[in-house]
Amino acid sequence: MPEWLSKFFGELVLYSGGSAVVAYLLFQFLGKTWIENKFSQRLEQLKHQQALEVQRLRVEIDSMLSGAIKLQEHEFEVLPSAWKLLDDAHGLVGWLVSPLQTRPDLDRMDSQELVEFFATTELADSQKQRIAGAREKGKEYADIIFWHNLNKVRRSVAQLRDYVAAKGIFLPPELKEKFTRAVDLLWSALSDKQVGVEVSDYKMQREGWDKLKNQVEPLYKSIEAEIQARLQSHAKR
């Protein structure tokens, strides 16, 4: 015990005349100090806990922001790719189902001109022979080339379908739904055209074209506008 404190208690006993009074005064003095110490300790604990909570929140917020930024980066990459595939598929389907089809006048070509023309195509040799030996070469060519073109267009739509299925997680749900709907309509338009050709039903073939113009076109433009808006929004951020 410090000398000044011993002297204080000695004088206190001398003048107080009793140990009970000393005990009471000692409790008051030491009790106040104890309370102050406990308060200081508690205050330090609260400051420490607050600092830990602030740090935890900072880490959590940084993680959330980092995740949001990465998601936007993926979306920024996916949107142009998805749009290009949609634009390609839309254009090819329109080319195939259009009622205005042009074809070369093979019936007026001589044998050399036919050979030169066939060199520009991907037809098999057997198909070239069928066309060259047909009475209506133009019609035979149109019948054969349709299936080549149909397969080409189908591959394009399938690429769009597969890309949306694989990368759709990075698209807003509403936009993904529009892409999926566009794919379904493109398949349906192709189906109308294919069946119409198989059964020589020009009305059914026309239905494929009408479906493209009346249902796919508005959806195509809506997707285009939404993608432009989202890309501009990401660029500003």
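The residue numbers shown here count from 1 along each chain, following its written sequence. Totals for whole chains, interfaces and linings use every residue, but because this is a predicted model, local features are given only for residues with pLDDT of at least 70 and side-chain atom pairs only at 80 or more, for both listing and counting. The side-chain quantities take in all heavy atoms of the structure and omit both hydrogens and water.

### Quick word on helix H4 (residues 125-133)
Stage number 1. Each residue's exposure class comes from its accessible area (1.4 Å probe, protein chains only) as a fraction of the maximum for that residue type: buried when under 20%, exposed when over 50%, partly exposed otherwise. Secondary structure elements follow DSSP: runs of H or I no shorter than four residues count as helices, runs of E no shorter than two count as strands, and numbering proceeds from the N terminus. Within the sequence span of H4, burial applies to Gln127, Lys128 and Ile131. All buried residues of H4 fall inside an arc of 100 degrees around its axis, so they share one side. Relative to its buried face, H4 has exposed residues pointing more than 90 degrees away, namely Asp125, Gln129 and Gly133. In this context, the arc is that of the directions from the helix axis out to the C-beta atoms.

### A closer look at the packing of aromatic side chains
Stage number 1. Between rings of Phe, Tyr and Trp, where Trp is taken as its six-membered ring, a pair exists when centres lie within 6.5 Å; planes separated by under 30 degrees are stacked, by over 60 edge-to-face, and by other angles tilted. Tallied over the entire structure, the rule returns four aromatic pairs.
Stage number 2. Here the aromatic rings of Phe117 and Phe118 are separated by 6.0 Å at their centres, their planes lie at 55 degrees, and the arrangement is tilted. Both residues of the pair, Phe117 and Phe118, count as buried.
Stage number 3. Between Phe117 and Tyr141, the aromatic rings sit 5.4 Å apart at their centres with planes inclined by 70 degrees, giving edge-to-face as the arrangement. With a gap of 24 residues between them, Phe117 in helix H3 (residues 111-118) and Tyr141 in helix H5 (residues 137-167) connect regions that are remote in the sequence.
Stage number 4. A residue is classified by how much of its surface remains accessible, and Phe117, at 16% relative accessible area, is buried.
Stage number 5. The class for Tyr141 is buried, based on a relative accessible area of 10%.
Stage number 6. An aromatic cluster of three or more residues is present, and its members are Phe117, Phe118 and Tyr141.

### Looking at the pattern of salt bridges
Stage number 1. Think of a salt bridge as a Lys or Arg side-chain nitrogen and an Asp or Glu carboxyl oxygen that are within 4 Å of each other. One pass over the full model with this rule turns up ten salt bridges.
Stage number 2. Where Arg130 meets Glu140, a salt bridge forms, and the shortest distance between an N and an O atom there is 2.7 Å. Of this pair, Arg130 sits in helix H4 while Glu140 sits in helix H5, and the two are ten residues apart along the sequence.

### A look at the confidence of the model for the protein
Stage number 1. Every residue carries a pLDDT, the predictor's confidence in it, which falls somewhere between 0 and 100. Of the residues in the protein, 72% have a pLDDT of 70 or more, and the chain-wide mean is 82.
Stage number 2. Mean pLDDT across the secondary structure elements of the protein bottoms out at helix H1 (residues 3-16), with 52, and peaks at helix H6 (residues 173-198), with 96.

### Regarding unusual backbone geometry
Stage number 1. One non-glycine residue with positive phi stands out, namely Ser200, at about 55 degrees.
Stage number 2. Overall, the relative accessible area of 53% leaves Ser200 in the exposed class.

### Focus on the packing of H5 against H6
Stage number 1. Axis lines are fitted to C-alpha atoms, over the contacting stretch for helices. Their N-to-C directions set the angle, which ranges from 0 to 180 degrees. Packing of H5 against H6 brings their axes to within 10 Å, and their N-to-C directions diverge by 165 degrees. As far as their axial angle goes, H6 and H5 are roughly antiparallel. At the point where H5 passes H6, the crossing takes the left-handed sense. Counting all contacts with H5, which are made through Phe146, Trp147, Leu150, Val153, Arg154, Val157, Ala158, Leu160, Arg161 and Val164, the residues of H6 involved are Lys176, Phe179, Thr180, Val183, Leu186, Trp187, Leu190, Lys193, Gln194, Val197 and Glu198. Each angle gets one of four labels, with under 35 degrees taken as roughly parallel, over 145 as roughly antiparallel, 65 to 115 as roughly perpendicular, and the rest as oblique. Here is the rule for handedness: rotate from the far helix to the near one, and if that takes an anticlockwise turn smaller than a right angle the crossing is left-handed, while a clockwise turn gives right-handed. Any two residues whose heavy atoms approach within 4.5 Å are treated as being in contact.

### Quick notes on the layout of surface pockets
It is the rolling of a water-molecule-sized probe over the atoms that shows where space remains empty.
Stage number 1. Every definition here rests on a 1 Å grid over the protein atoms only: cavities are sets of points where a 1.4 Å probe fits but cannot get out, pockets are open sets enclosed by protein on both sides within 12 Å along at least five of seven lines, and lining residues have some atom within 4 Å of a point. Grid points are joined across faces, edges and corners, and a volume is the space filled by probe spheres set on the points. The space that makes up the largest pocket amounts to roughly 830 Å³.
Stage number 2. Lining the largest pocket are 26 residues, with Gln101, Arg103, Ala142, Lys193 and Gln205 sitting closest to its centre.
Stage number 3. Counting only elements with at least two residues in the lining of the largest pocket, the list comes to helix H2 (19-97), H5, H6 and helix H7 (202-236).
Stage number 4. Examining the composition of the lining of the largest pocket, we find that eight residues originate from one element, H5, more than from any other.
Stage number 5. Each residue gets one of three labels, nonpolar for Ala, Val, Leu, Ile, Met, Phe, Trp, Tyr, Cys and Pro, charged for Asp, Glu, Lys and Arg, and polar for the others, Gly among them. In the lining of the largest pocket, the residues fall into 14 nonpolar, six polar and six charged.
Stage number 6. What the second largest pocket holds in volume is close to 210 Å³.
Stage number 7. Contributing to the lining of the second largest pocket are Thr120, Thr121, Glu122, Leu123, Tyr141, Ile145, His148, Asn149, Lys152 and Arg155.
Stage number 8. Residue composition of the lining of the second largest pocket, by class: three nonpolar, four polar and three charged.

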